[in-house]
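Observations on the three-dimensional arrangement
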Amino acid sequence: MPKVTFKQLDGSAQTVEVKAGLSVMEAAIQNNISGIEAECGGSCSCATCHVYVSEADLARLEPADDLEDEMLDCTVSERQPGSRLSCQLTLTDEVSELTVTIPEAQV
Amino acid sequence: MSVQRLVIVGGSYAAQQVAASAREFGFAGDIAMISKEDQPPYQRPPLSKSFLSGKLDESRLPLVGESFYSDNRVDLRLGQEVVSIDPLQRDLQLADGTTEPYDWLALCTGARPRRLPIPGEALAQVHYLRTLSDAQRLKRSLDGAAHLCVIGGGFIGLEVAAVCRQLGLKVTVLEASSAILQRALPGAIGQFLMASHEQEGVSVRLNCSAHEITENPNGSVSVVTSKGDAIECDQVVIGIGAEPNQQLAEEAGLLCTRGIVTDTLGQSSADRILAAGDCAAFPSPFAADPEQPMLLESIQATRDLARAAGSLVAGKPQPYNAVPWFWSDQYNLKLQIAGLYRGDEEFVFRGDVSAQKFSVFGMHQSRVVSAFSINSPADHMMARKLIAERMDVEVSHLEDAGFKLKTLFEK
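The structure presented is a predicted model; accordingly, all values stated were derived computationally and were not measured.

Rules behind the numbers
Residues numbered from 1 in each chain as written. Chains lettered and ligands numbered in written order. Predicted model: local features only at pLDDT ≥ 70, side-chain atom pairs only at ≥ 80, totals over all residues. Helix = DSSP H or I, 4+ residues; strand = E, 2+ residues; numbered from the N terminus. Rg over C-alpha atoms; globule rule 2.2 N^0.38 Å. Buried ≥ 20, exposed ≤ 12 C-beta atoms within 10 Å, placed from the backbone. Contact = placed C-beta atoms within 7 Å. pLDDT = per-residue confidence, 0-100. Arc of directions from axis to C-beta. Domains from an automatic or database assignment. Nonpolar A, V, L, I, M, F, W, Y, C, P; charged D, E, K, R; others polar. Pairing = 2+ DSSP bridges. Axes fitted to C-alpha atoms, helices over the stretch in contact; angles between N-to-C directions. Expected span 1.5 Å × (residues − 1). Left-handed = near helix turned anticlockwise from the far one by under 90°. Core = buried A, V, L, I, M, F, W, Y, C linked by C-beta atoms within 7 Å. Right-handed = clockwise from strand over helix to strand, strands pointing away.

A tally of helices and strands in chain A yields 3 helices and 5 strands. Listing every helix and strand of chain A by position from the N terminus yields β-β-α-β-α-α-β-β. For a compact globule of 107 residues, the expected C-alpha radius of gyration is about 13 Å, and chain A comes in at 12 Å, within 12% of that figure. Here chain A holds 107 residues, and 42% of them are scored as buried. For chain A, the proportion of contacts with a sequence separation of at least 24, taken over those separated by at least 6, is 65%.

See the structure below:
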């Protein structure tokens, strides 16, 4: 099963396993990871599941579409080159290991 | 001092959020969540969208991971019904005859679909959509169905219509008034959505209501309309709004209007009794009348009022002060609403209708009070900020799609 590691700003990290086909946001919600709000439940409507992805990982992921790109301009924590909405990052057998950092604030 | 006990009645977004927020704000007492439903709190918006279309299954609906309840010491009691509250004794009675004491009581009883009082409304081919079991039944019924009739051109009906068109069904929508989504949206957006549905092949009939639903010998049904004709179809979905579940509160003597009346902390008229979610009517700071309790019926309002209620229980009151927002997905269209549609605002247009990417901003005294965006999330997010900060803004800036609204906030 794909694995995601969530890094918090205090340096702590938690690795969880989820079924392929689920999003990074769903992995966080199912495992009660703090710092991912996901108010809209994953429909790219709220920008409260913002995460930072490393440059190397970024290259392995489908790029953000126009709607996500616009939403990323409006996140509460600063947009960085590795910013993504975790509801739009699907874990697959190809993208089976991912590390994301949770920003300071979502709302 | 004895251990404080918070009892939450209900098992959806508000219930889950009151529990989570009470703990986040430091409530250390006992929490019991008593829900009539058979499953832990789950997401409802997908029921008329990705769940119905088959994109998302049951396993992906729970609002939180299973361990949330044990991690946060929430005693989740499913399949149990509260039948009465005694605010003087501070206890409540369950259908099984037992009595539960509380120090804090949060009523998160939600709402139920408004029934359409016409003959045939209870036929097996007729559906309302509110709960997971409603959605499961509808989904099963759509299997093999060729023609769906939707009664009511509101959000749920239109979302179901969109999904069913994409599943290949013939879809007819009946709307009793002269426009779809008339109470929620300015005419320009309603007309755009109606045209989009028609382009996708949905037949939308305005000024047309249902008088009767009759069953045909072949198992199909006929919806007899106010125009005098009958629409033969396989299944019917009725989506004509919701009614707050406030009977428990009314019988306990709590002040109710359409909804249980609360303040911006979710505090009802009775000491130590709170309400949040679709059953609660509360004053919204961004409404035309900021004193008037109102039902907002949205995930945002539910979560934010429940958060305030949780903070009150924990002794660290943080009143509700959020800009209302809402979304709906239909076909490839993402509709996002910020603020509240008032009816007295002037509208400013931004974007490109033919590209299906535009927003309508509602202005009142040179401030943005509402915004209705199609596939324009940046407009939506910036509108939320403009409304929150009650900022004066130039119409020319709003109208110019090339002008980045974000720069208005840069010092």
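Confidence in the prediction for chain B averages 96 pLDDT; 100% of positions are at 70 or higher. Here the predicted complex carries an ipTM of 0.91, next to a pTM of 0.95.

With that settled, the discussion passes to helix α4 (residues 132–142) of chain B. All names here are of chain B. The complete set of buried residues in α4 reads Ala135, Leu138 and Leu142. Looking straight down α4, one finds that the buried residues subtend no more than 65 degrees of arc, so they occupy a single side. Residues of α4 that are exposed and point more than 90 degrees away from the buried face comprise Ser133 and Arg140. Packing partners of the buried residues in α4 comprise α2 (50–53), β9 (126–127), α5 (155–166) and β16 (235–238). In the stretch just after α4, glycine 144 is the one whose phi turns positive, near 90 degrees.

This paragraph deals with the domain arrangement of chain B. Residues and elements named next belong to chain B. Looking at chain B, the domain boundaries give domain 1 (5–112 + 242–313), domain 2 (115–238) and domain 3 (332–409). Here domain 1 and domain 2 have C-alpha centroids that lie 30 Å from each other. Here the side of domain 1 that touches domain 2 is built from residues that sort into 5 nonpolar, 3 polar and 3 charged.

Right, let's get into the interface of chain B and chain A. Taken together, the contacts link 22 residues of chain B with 16 residues of chain A. Only α3 (67–71), α8 (299–313), β23 (325–330), β24 (333–339) and α9 (377–388) of chain B provide two or more residues apiece to the side of chain B that touches chain A. The greatest single-element share of the side of chain B that touches chain A, amounting to 4 residues, is contributed by α9 of chain B. Of the residues assigned to the side of chain B that touches chain A, the class counts are 10 nonpolar, 6 polar and 6 charged.

Residue and element names in this part refer to chain B. With respect to the secondary-structure elements, glycine 277 resides in the loop between β20 (273–275) and β21 (280–283). Once the C-alpha coordinates of glycine 277 and cysteine 108 are considered, the two residues, 169 residues apart in sequence, prove to be 5.8 Å apart. Setting aside its immediate chain neighbours within four residues, glycine 277 contacts Gly10, Ser12, Tyr13, Ala14, Cys108, Gly110, Thr302 and Ala306.

Okay, the sheet that holds strand β5 (residues 91–94) of chain B next. Residues and elements named next belong to chain B. Strand order across the open sheet formed by 3 strands is β4-β5-β6, with antiparallel pairing between neighbours. Looking along the sheet, the strands with just one partner apiece sit at the ends: β4 (82–86) and β6 (99–101). Strand-to-strand twist across the sheet, computed as the mean angle between neighbouring axes with direction ignored, equals 25 degrees. Across 3 bridges, β5 lies against β6 in antiparallel orientation.

A few words on α8 of chain B. Residue and element names in this part refer to chain B. Across its 15 residues, α8 extends 21 Å between first and last C-alpha, which sits within 8% of the 21 Å expected from 1.5 Å per residue. Of all 15 residues in α8, 15 are buried; the element is thus mostly enclosed. Phi for glycine 315, located one or two positions after α8, is positive at around 80 degrees.

Within the element layout of this structure, serine 83 of chain A appears in strand β4 (residues 83–85). For the pair serine 83 of chain A and aspartate 57 of chain A, spaced 26 residues apart in sequence, the C-alpha to C-alpha distance is 11 Å.

The next thing to look at is the sheet that holds strand β19 (residues 259–261) of chain B. Spatial ordering of the open sheet is given by β18-β19-β21-β22 (chain B), a layout of 4 strands whose pairing is mixed. Every other strand in the sheet has two partners, leaving β18 (256–257) and β22 (293–294) of chain B as the edge strands with one partner each.

To continue, consider the packing of helix α1 (residues 13–24) of chain B against α8 of chain B. A pair of packed helices is characterised by two quantities: the angle between their axes and the separation of those axes. Residue and element names in this part refer to chain B. Two numbers describe how α1 lies on α8: the axes approach to 7 Å, and their chain directions differ by 35 degrees. α1 and α8 meet at a crossing whose hand is right-handed. Contacts from Tyr13, Ala14, Gln17, Val18, Ala20, Ser21 and Ala22 in α1 reach Ile299, Thr302, Arg303, Ala306, Arg307, Ala309, Gly310, Ser311 and Val313 in α8. Looking at side-chain class alone, the contact of α1 with α8 contains 9 nonpolar, 5 polar and 2 charged residues.

Attention shifts here to unusual backbone geometry. One non-glycine residue with positive phi stands out, namely alanine 38 of chain A, at about 55 degrees. Looking at the secondary structure, you find alanine 38 of chain A in the loop between α1 (24–30) and β3 (50–53). What makes alanine 38 of chain A buried here is the crowd of 21 C-beta atoms within 10 Å. The backbone phi angle of arginine 73 of chain B is positive, close to 50 degrees, even though this residue is not glycine. Here arginine 73 of chain B lies in the loop between α3 and β3 (74–77).

Core analysis: the largest hydrophobic core is formed by 150 residues, its most contacted members being Ile8, Val18, Ala106, Leu107 and Ala276 of chain B. Among residues more than four places away in sequence, those in contact with isoleucine 8 of chain B are Ala15, Val18, Ala19, Ile31, Ala32, Met33, Ile34, Ala106 and Cys108 of chain B.

Moving residue by residue along a regular strand, the side chains alternate between the two faces of the sheet. Residues and elements named next belong to chain B. Extensive coverage of strand β10 (residues 147–151) is indicated by the burial of 4 of its 5 residues. As paired elements, β10 and strand β11 (residues 170–174) share 5 bridges and run parallel to each other. Note that in β11 the partner of histidine 147 across the bridge is lysine 170. On the question of chirality, the crossover connecting β10 to the parallel β11 by way of α5 is right-handed. Two elements, β10 and β16, share 4 bridges in a ladder whose sense is parallel. Across the sheet, cysteine 149 pairs through a bridge with valine 236, a residue of β16.

Attention shifts here to the pairing of β5 of chain B. Residue and element names in this part refer to chain B. Here β4 runs beside β5; their pairing, made up of 4 bridges, is antiparallel. Bridge pairing links valine 82 to leucine 94 in β5. Count of turn residues in the β4/β5 antiparallel hairpin: 4 residues, of which arginine 90 carries a positive phi of about 55 degrees. Here β5 folds back onto β6 in antiparallel fashion, the turn holding 4 residues, of which glycine 97 has a positive phi close to 95 degrees.

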